[in-house]
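Listed below are the residues making up each chain.
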Amino acid sequence: MTSLTDFDLHFNNIEGGFPSSIGKLPNLQYIDFSLNKLTGSLPNSIGQLENLVELRLNSNLLQGSIPYSIGNLQHLTILKLSSNNINGSLPDSIGLLSELSTLDVSLNKLTGIISEAHFHRLENLEQIILSDNSVILNVSSHWVPPFQVIFLEMSSCHVGPSFPYWLRSQKKIEVLDFSRAGVSGSIPNWFWNMTSILSFLNFSFNSLEGHIPNKFKLVPYAFVDLSFNQFKGPVPLPNALLLDLSHNQFYGSMPENISQGMPSLKVLSLSSNQLTGGIPASIGELSLDVLDLSKNNLAGSIPPNIGNCSFLTVLDLQKNNFSGGIPNSIGQLNGLQTLHLSNNKFSGEIPSSLQNLSKLETLDLGSNMLTGKLPFWVGEAFPLLRILSLRANKLSGELPLTLSNSSSLQILDLAENQLNGSIPANLGNLKAMAQLQKVNHYLLYGEDENHNYQENIHVTINGLGLTYTRTLCLLTSIDLSGNNLSGELPEAITRLLGLEVLNLSRNHISGQIPDSISELHQLLSLDLSGNRLSGPIPQSITSLTFLENLNVSNNNLSGKIPSANQMSTFNASSFAGNPGLCGDPLAVKCANGSNNGGDSYPDAGRKADEDDNGNGFADNWFYMSIGVGFAVGLLLPYLVFAMKRSWGGIYFAFVDGTAYRLSSEKMKAAMRRRTG
């Protein structure tokens, strides 16, 4: 074994620690233990392998710090330790590795300062990949690096606050990622003169400001992501394959010659800026895959020739001021998977040509002025439809029976319309809602895997608007509130065992709450307020231990309010406006004077004697138990949701941020494979 030169065990599902006796193999030149499950820390004996040329330990479970002895590996050219749990600081002895060409320690838990000493003798360094660590780059403003790097990736490292002046000395950079790097201020003019060989540029999630040159040179089919900054001015026209300028302050109209300025463009995101005017007709001359112009001040009508964008999978125009009818030509986009036209001023009927979009997974036309009946083909034309939101329009007529054919439907939002008739019992056949959504499949769209459009939908729960993105697949919801629906609440709805949100408020629904409501064990929010429901609140409702929000106010319900489990956490407003209800939390006591038991009818004419000292001890214990029950009932489901249901808003934000960083790493890895 002492004569061994190559030691390759990559992708073999190997567990255990890194062998400390590795230093007894002095002739080793190549070690590749990547893509395993190695644990523990790197031994100091690694520094005894003085002939080592390549060390690949990426994608394991290694911990601890990088040993200082690694600086003894004078012939090392490739060091890959990415995607582990390595902590501590990066030893400055790495700066002694004069033959090193690749340094990849990304996706670890490194901290501390990286100084000029870390690069002291790295004249041959071509790849610096430090992304997703908590390190701080602290170099002089006059520092001239000894290397000419090709890949420079420092996402989520602290590079700022000012723009790194030392970049000016770099003449070979092809991939540059300073996203989430704490950089502020404007980008100096000299930088735009060095972009001609860039194939990947990512400055997203910083505080950069100022104007971007109208045209700056890039290699063909480059990726440019300048999103989430404070850039201003007109929209630039670099000849890129992907251009993401979203979440900035760009203003003015979209360039009329957009197809000439960016003929190779596949992905265009200008979301969340201050753009005005209309969509240029030349948009139809592009072979776009993703077009996201949402959250601007764009107006006018959608140009009919948008139907020429035959490769389009995403069309997001939500939250603008578009008006007129939805053009029939959208029905020509046979590959379209997500269509967002909500929060505009579109009028007229839903065009029948949309039924040609057989691959559609999201149809979001809410908050417009659409009229006519809900088309019967909505439940038949889209076998893959997950999200149907037509809320806040002027749609009328009955709910089509064909809706039950939407076997993939997870979100049905038809609230705030003029729909009438009864709720079809066959809605209980919605297959995707009949099962618990345990696996979070990110809804990512776009032909190029390196930069995807993230699906999103705005959902109203308990009067609070929430935008779901990367946790969207875990949500199942039916909202038919604010219509003219009548008849009884069909018991078949309770077959939707995975349903989490049910809102039927402000209709004319009569009859009783079915006892089988207890079957909806995943229910988080139930709103039946403002109807004509009668009879008791079923005792079985106490088994809904995940229930965060309950509102049955303003009905004709009667009897004692169930008080066990979660039911003890709701206040009086959840039950107000039901003259026949009694018991806590209402002030109306039940007939025997107890709010917690006895007969189920109110005694509105009597009050408890507040001066009865004989009941003081019992009252104190009663209220103490209510307080403890409230705390346990409120906190327990929140803890469960945080661990199992991914429900809290903070948790959603954490998941979204983490997933973004991981997808960004995937993008850059693909770029390295493409150019290397």
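Residues numbered from 1 in each chain as written. Predicted model: local features only at pLDDT ≥ 70, side-chain atom pairs only at ≥ 80, totals over all residues. Heavy atoms only, no water.

Caption draft 1: Local environment of the sheet that holds strand β26 (residues 321–325). Ordered in space as β24-β26-β28-β30, the four strands form an open sheet in which the pairing is parallel. Single-partner strands in this sheet number two, and they are β24 (299–300) and β30 (369–370). Relative to β26, β24 is paired through two bridges, and the arrangement is parallel. Residue pairing across strands places A299 opposite N321, the latter belonging to β26. (Pairing = 2+ DSSP bridges. Helix = DSSP H or I, 4+ residues; strand = E, 2+ residues; numbered from the N terminus.)

Caption draft 2: Region of the structure containing the sheet that holds strand β9 (residues 109–114). The strand order β7-β9-β11 describes an open sheet built from three strands, whose pairing is parallel. The open sheet is flanked by β7 (87–89) and β11 (134–137), the only strands paired with a single partner. On average, each strand axis in the sheet is tilted by 10° relative to the strand beside it, whichever way the strands run. Looking at chain direction, β9 and β11 are connected through four bridges and run parallel. Bridge assignment links I114 to a residue of β11, and that residue is L137. (Axes fitted to C-alpha atoms, helices over the stretch in contact; angles between N-to-C directions.)

Caption draft 3: View of unusual backbone geometry. In this chain, G160 is followed by P161 through a cis amide linkage whose omega measures 15°. Here P161 lies in the loop between β12 (151–153) and β13 (175–177). Not every positive phi belongs to a glycine, and R180 is a case in point at roughly 55°. Mapped onto the elements, R180 comes out in the loop between β13 and β14 (184–186).

Caption draft 4: Focus on the side chain of S246. With respect to the helices and strands, the residue S246 is situated in the loop between β19 (240–244) and β20 (249–253). Polar side-chain contacts of S246 include one of 2.7 Å to the side chain of D244. With residues near it in sequence (within four places) discarded, S246 still touches S227, F228, S269, L270, S271 and N273. (Polar contact = N/O pair within 3.5 Å; in protein donor to acceptor, adjacent residues only side chain to side chain. Contact = heavy atoms within 4.5 Å.)

Caption draft 5: Fine view of the pattern of salt bridges. Within the structure shown, the criterion is met by five salt bridges. Ionic pairing is found between R56 and E54, a salt bridge with its closest N-O pair at 3.1 Å. Put simply, R391 and D479 hold a salt bridge, and the shortest N to O gap is 3.3 Å. Linking R391 in the loop between β31 (387–389) and β32 (396–398) with D479 in strand β39 (residues 477–479), this pair joins segments that are 88 residues apart in sequence. As far as the burial class goes, R391 and D479 line up, both buried. Taken together, the salt bridges that share partners define one network made up of R391, D413 and D479. (Salt bridge = Lys/Arg side-chain N within 4 Å of Asp/Glu carboxyl O. Buried < 20%, exposed > 50% of the residue type's maximum accessible area, 1.4 Å probe, protein only.)

Caption draft 6: Summary view of the nonpolar core. F191 and I330 are the most contacted members of the largest nonpolar core, which has 158 residues in total. For this core, the domains that each give at least three residues are domain 1 (1–182) and domain 2 (427–582). Once you skip the residues sitting within four places of it in the chain, I330 turns out to touch I302, I306, L315, L336, L339, L341, L354 and L357. Among the nonpolar cores identified, the runner-up in size contains eleven residues, and I150, F151, V267 and V290 belong to it. (Core = buried A, V, L, I, M, F, W, Y, C linked by side-chain atoms within 4.5 Å. Domains from an automatic or database assignment.)

The values reported here are purely geometric and, on their own, carry no functional implication.
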